[in-house]
Amino acid sequence: MKKVEVLLGARSYQIQIGSKMLAHLGTELKKLKIPEKILIITNTTVAPLYGDVVAKTLREAGFALETLILPDGEDFKTLETVSRIYDHAVSFGLDRYGTMLALGGGVIGDMAGFAAATYMRGINFIQVPTTLLAQVDASVGGKVAVNHPRGKNLIGAFYQPKLVFIDIDTISTLESREIRSGMAEVIKYGVIADDQFFSYLEEHTVYDDHFLTEIIEKSCTIKAQVVKNDELDQGQRAILNFGHTIGHGLEAATSYQVYRHGEAVAVGMVGAALIAQEMGLITKEETDRIKKLILRTGLPIRFTGVNWDELWFHIQADKKAQSGNINFILPTAIGSVQIAPVEPSLIRKVVEQELQG
């Protein structure tokens, strides 16, 4: 088992990464000394795959359980769905010492985390992410939220879990498109923080257990360090949004129905790199390396079906917009980025000339 520590004082926790882990979840939760009642929150895709094994290990460890199975999909990441979680928690008799456990991908983790943060002003929260994207990014760092029609994750909180428990074997049940989507966030970490990690990704094409363990551990380590330095997103943590300004706009403009999160972020990373190139911050050669790795991974570098006005409408509503200015995370080299405002005219130029079509 690999372990990554997220050091946040009293809110510190551990990320555990390994194979054949799920059957030992109950033992690990007993070590945390959390009270016996746990509400498992999962979805219709994940429950048939892992619901029984998780329930079995928790019951064997002495926990009392209820399971809430929600619909699968980004379009269900709403306050209405979270209200269902509250209703189930009340019916179960979950009190302020109880625990919500997210078993699923980023959508389940975000909703369960937001519910845990707000139910009785905050109860215990456990992350058991089952998608690559959630394992390398969404489950770590304590950002929990639901979407609004105008933008992604506009309603949320900062709320750290007690444990992030990652079994890489869950990746084997993902469709290839979902794995590619997760790889977008992995590539992001190389661009923003570690040129050697980026080179490692360029050199490896076989997604075996060793590779998956390495990239999950490295991604979590990078994110844990950034979160330690800026838990509440007041400065450095913004670099984790590389590719997300255009990406979130694209997701919202298509009502979360067309592009997976990682696919939209991939387009957004190319857009940010091209903007940086236009501003003289990064060379064409390094921009081309980013584009080449994204393409080789099977991710898109362009989009269709959304015009500039639609995209811009949603970009302006994104959380990263401040007083009308759009701050971008712009690469200055592989492994280094800076935060800078970008003129709307330049964003439009790159979108219409390079990203559309």
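These figures come from a predicted structure and were not determined experimentally. (Residues numbered from 1 in each chain as written. Predicted model: local features only at pLDDT ≥ 70, side-chain atom pairs only at ≥ 80, totals over all residues. Heavy atoms only, no water.)

**Student:** What should I look at first to understand the overall build of the protein chain in this one?
**Tutor:** Looking only at helices and strands, the protein chain features 13 helices and twelve strands. For the protein chain, whose C-alpha radius of gyration is 20 Å, the value lies close to the compact-globule estimate of 21 Å for 357 residues. Along the first, second and third principal axes, the C-alpha atoms of the protein chain reach 60 × 40 × 35 Å. Looking at the protein chain as a whole, 58% of its 357 residues are labelled buried. Sequence separation of at least 24 residues holds for 76% of the intrachain contacts in the protein chain that already meet a minimum separation of 6. (Helix = DSSP H or I, 4+ residues; strand = E, 2+ residues; numbered from the N terminus. Rg over C-alpha atoms; globule rule 2.2 N^0.38 Å. Buried < 20%, exposed > 50% of the residue type's maximum accessible area, 1.4 Å probe, protein only. Contact = heavy atoms within 4.5 Å.)

**Student:** How should helix H8 (residues 209-229) be read in this particular structure?
**Tutor:** Under the 1.5 Å per step criterion, the end-to-end length of H8 is 30 Å for 21 residues, consistent within 8% with the ideal 30 Å. Turning to H8, its buried residues are Phe211, Leu212, Thr213, Ile215, Ile216, Ser219, Cys220, Ile222, Lys223, Ala224, Val226 and Val227. If you follow the buried residues of H8, they end up packed against strand S1 (2-6), strand S2 (13-18), helix H5 (132-138), strand S9 (163-167), helix H6 (176-193) and helix H7 (195-203). (Expected span 1.5 Å × (residues − 1).)

**Student:** Before we go on, may I ask you to explain the pairing of strand S8 (residues 151-158) in this structure?
**Tutor:** Successive residues of a regular strand alternate their side chains across the two faces of the sheet. Of the pairings in the sheet, the one linking strand S7 (residues 143-148) to S8 comprises five bridges and is antiparallel in character. Counted as the bridge partner of Lys143 is Phe158 from S8. Linking S7 back to S8 in an antiparallel pair, the connection comprises two residues. (Pairing = 2+ DSSP bridges.)

**Student:** Sorry, what's going on with the pattern of salt bridges here?
**Tutor:** Two side chains of opposite charge can pair, provided their charged atoms sit close to one another. Taken as a whole, this structure holds 21 salt bridges when the rule is applied. Glu74 is the salt-bridge partner of Lys77, the closest N and O atoms lying 3.8 Å from each other. Look at Glu74 and you get buried, because its relative accessible area is 15%. One salt bridge in this structure joins Glu352 and Arg348, with 3.0 Å as the shortest N-O distance. Placement of the pair is Glu352 and Arg348 together in helix H13 (residues 344-355), with a separation of four residues, close to one helical turn. With relative accessibility at 37%, the residue Glu352 sits in the partly exposed group. Accessibility expressed as a relative area gives 38% for Arg348, which makes it partly exposed. Residues participating in the shared-partner salt-bridge network are Glu74, Lys77, Asp110, Lys152 and Glu251. (Salt bridge = Lys/Arg side-chain N within 4 Å of Asp/Glu carboxyl O.)

**Student:** Sorry, what's going on with the nonpolar core here?
**Tutor:** Soluble globular proteins tend to pack their nonpolar side chains together in the buried interior. Core analysis: the largest hydrophobic core is formed by 78 residues, its most contacted members being Ile15, Leu201, Ile215 and Ile216. The greatest single-element share of this core, amounting to eleven residues, is contributed by helix H10 (residues 261-278). In this structure, Ala89, Met100, Ala112 and Val144 belong to the second largest nonpolar core, which totals 24 residues. (Core = buried A, V, L, I, M, F, W, Y, C linked by side-chain atoms within 4.5 Å.)

**Student:** Please clarify how the packing of aromatic side chains should be interpreted in this entry.
**Tutor:** The description of an aromatic ring pair rests on the distance of the ring centres and on the angle between the ring planes. In this structure the tally under the stated criterion is four aromatic pairs. When the ring of Tyr207 is compared with that of Phe211, the centres are 5.1 Å apart and the planes differ by 10°; the resulting orientation is stacked. We classify Phe211 as buried; its relative accessible area is 1%. One aromatic cluster is present, built from ring pairs that chain together Phe197, Tyr200, Tyr207 and Phe211. Directly above the ring of Phe92 sits Lys37, whose terminal nitrogen or CZ lies 4.8 Å from the centroid. The ring of Tyr189 carries Lys188 above its face, with NZ or CZ at 4.7 Å from the centroid. (Phe/Tyr/Trp six-rings, centres within 6.5 Å; stacked < 30°, edge-to-face > 60°. Lys NZ or Arg CZ within 6 Å of the ring centre and 35° of its normal.)

**Student:** Any chance you could explain the packing of H7 against H8 here in plain terms?
**Tutor:** The description of two packed helices rests on the angle between their axes and on the distance between the axes. It is at 12 Å that the axes of H7 and H8 come closest, and there the two elements cross at 160°. Put simply, H7 runs roughly antiparallel to H8. Crossing of H7 over H8 shows left-handed handedness. On H8, the residues touching Phe197, Tyr200 and Leu201 of H7 are His210, Phe211, Glu214, Ile215, Lys218, Ser219 and Ile222. Among the residues making up the contact of H7 with H8, the classes are represented as six nonpolar, two polar and two charged. (Axes fitted to C-alpha atoms, helices over the stretch in contact; angles between N-to-C directions. Parallel < 35°, antiparallel > 145°, perpendicular 65-115°, else oblique. Left-handed = near helix turned anticlockwise from the far one by under 90°. Nonpolar A, V, L, I, M, F, W, Y, C, P; charged D, E, K, R; others polar.)

**Student:** Got a minute to help me understand the environment of Arg296 in this structure?
**Tutor:** Tracing the chain through its elements places Arg296 in helix H11 (residues 284-296). A residue is classified by how much of its surface remains accessible, and Arg296, at 39% relative accessible area, is partly exposed. Taking the C-alpha atoms as reference points, Arg296 and Asp230, 66 residues apart in sequence, are found 33 Å from one another. For Arg296, the residues in contact, after removing those within four places along its chain, are Leu201, Glu202, Glu203, His204 and Thr205. At 2.9 Å, the side chain of Arg296 forms a polar contact with the backbone oxygen of His204. (Polar contact = N/O pair within 3.5 Å; in protein donor to acceptor, adjacent residues only side chain to side chain.)

**Student:** Would you explain the side chain of Thr57 in this entry?
**Tutor:** Inspection of the secondary structure puts Thr57 in helix H2 (residues 47-60). Those residues in contact with Thr57 that sit more than four places away from it in its chain are Leu22, Ala23, His24, Leu25, Gly26 and Thr27.

**Student:** How should unusual backbone geometry be read in this particular structure?
**Tutor:** Both trends apply: most residues other than glycine have a negative phi, and most peptide bonds are in trans. Located in the positive-phi region is Lys33, a residue other than glycine, with phi close to 60°. Mapped onto the fold, Lys33 is located in the loop between helix H1 (25-31) and strand S3 (37-43). Using a relative accessible area of 72% as the deciding quantity, one classes Lys33 as exposed. If you check the backbone angles, Asn153 has positive phi at about 60° while not being a glycine. Mapping Asn153 onto the fold places it in strand S8. Note on Asn153: relative accessible area 15%, which makes it buried.

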